[in-house]
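Chain by chain, the residues run as shown.
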Amino acid sequence: MKIVAQNKKAFHDYDILERLEAGIVLTGDEVKSLRAGRVSLIGSFATVKRGELFLTNCTINLYSHAYSKDEDMATRSRKLLLNKRELSKIIGDVSKKGVTIVPLKVYFNKKNIVKVEIGICKHKKAAGKKQALKERDIKRQTAKELKDVYKYK
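To start, this report covers the structure provided alongside it. (Residues numbered from 1 in each chain as written. Predicted model: local features only at pLDDT ≥ 70, side-chain atom pairs only at ≥ 80, totals over all residues. Heavy atoms only, no water.)

Tallying secondary structure elements over the protein gives 4 helices and 9 strands in all. Scanning the protein from its N terminus toward the C terminus, one meets helices and strands in the order β-α-β-α-β-β-β-β-β-α-β-β-α. Computed over the C-alpha atoms, the radius of gyration of the protein is 19 Å, more than 25% above the 15 Å expected from 2.2 N^0.38 for a compact globule of 153 residues. Along the three orthogonal principal directions, the C-alpha set of the protein runs to about 65 × 40 × 30 Å. The burial tally for the protein puts 33% of its 153 residues in the buried class. For the protein, long-range pairs separated by at least 24 residues make up 65% of all intrachain contacts whose partners lie at least 6 apart in sequence. (Helix = DSSP H or I, 4+ residues; strand = E, 2+ residues; numbered from the N terminus. Rg over C-alpha atoms; globule rule 2.2 N^0.38 Å. Buried < 20%, exposed > 50% of the residue type's maximum accessible area, 1.4 Å probe, protein only. Contact = heavy atoms within 4.5 Å.)

What follows is about the pairing of strand β9 (residues 114-123). Most of β9 sits inside the fold, with 8 of its 10 residues counted as buried. Direction of pairing for strand β8 (residues 99-108) relative to β9: antiparallel, over a ladder of 9 bridges. Within β9, the residue paired with Phe108 across the bridge is Val114. Linking β8 back to β9 in an antiparallel pair, the connection comprises 5 residues, with Asn112 at a positive phi of about 60°. (Pairing = 2+ DSSP bridges.)

Right, let's get into the nonpolar core. Residues Leu34, Leu53, Leu80, Ile90 and Ile118 are the most contacted members of the largest nonpolar core, which totals 26 residues. Only β1 (2-6), β2 (14-24), β5 (52-56), α3 (84-94), β8 and β9 provide two or more residues apiece to this core. Residues within four places of Leu80 in sequence aside, it is in contact with Ala22, Gly23, Ile24, Ala46, Leu53, Phe54, Leu55, Val116 and Ile118. Listed in part, the 5 residues of the second largest apolar core include Ala10, Tyr14, Val102 and Cys121. (Core = buried A, V, L, I, M, F, W, Y, C linked by side-chain atoms within 4.5 Å.)

It is worth spelling out the side chain of Asp13 at this point. Relative to the helices and strands, Asp13 resides in helix α1 (residues 8-13). In this structure Asp13 comes out as buried when scored by relative accessible area, which is 13%. Beyond its immediate stretch of four places on either side in the chain, Asp13 contacts His123, Lys124 and Lys129.

Attention now moves to the pairing of β8. Each regular strand displays side chains that alternate between the two surfaces of the sheet. Within β8, 9 of the 10 residues are buried, leaving the element largely enclosed by the surrounding structure. Here β1 runs beside β8; their pairing, made up of 4 bridges, is antiparallel. Counterpart to Gln6 in the pairing with β8 is Lys105.

Turning to α3, a few remarks are in order. Taken residue by residue, α3 has Leu87, Ile90 and Asp93 as its buried positions. Taken down its axis, α3 places every buried residue within 125° of arc, on the same side. Of the exposed residues in α3, the ones pointing more than 90 degrees away from its buried face are Lys84 and Arg85. Along its buried surface, α3 packs onto β2, β5, β8 and β9. (Arc of directions from axis to C-beta.)

Okay, the pattern of salt bridges next. All told, the structure shown has 7 salt bridges when counted by the stated rule. Note that Glu30 is salt-bridged to Arg78, the shortest N-O span being 3.1 Å. You can see Glu30 sitting in helix α2 (residues 28-35) and its partner Arg78 sitting in strand β7 (residues 78-81), a full 48 residues away along the chain. Between Asp93 and Lys89 there is a salt bridge, with its nearest N and O atoms 3.4 Å apart. On the criterion of helical spacing, the pair formed by Asp93 and Lys89 is a turn pair, its members being 4 residues apart in helix α3. Connected via shared salt-bridge partners are Glu18, Lys89 and Asp93. (Salt bridge = Lys/Arg side-chain N within 4 Å of Asp/Glu carboxyl O.)

Honestly, that's just the spatial picture; any functional story needs more than this.
As structure tokens, then:
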């Protein structure tokens, strides 16, 4: 599995309730841009339209050797491919207040097919973010102290 892009901001801003793997509909030029690593997931999210799931605000920069150089194609909505069961579950989860669908990472699987890991997320409050930072700092500090203790033995 070759990870092309990760949405690190999503892990900071959201509590991830569940993760799903989805396929994505792309053009050939977009796949070549992904192989070059020219993708950004910052500010992207998924929406349900007409019973289908679409990835919005995901920026895949234009391939430099592409025939058509249309700037609007970089941020177009792209269809995500899921099973009916998974899609109906996501639609039910999104109907709850405060739940969003956020892409967590884009990667090539073992068969060189582009996949998107999406997360069903709930937005963290400011206090929750501060608490997570405190816990992370405490873990880091204790790990450092344990390392120092074993270093001097």
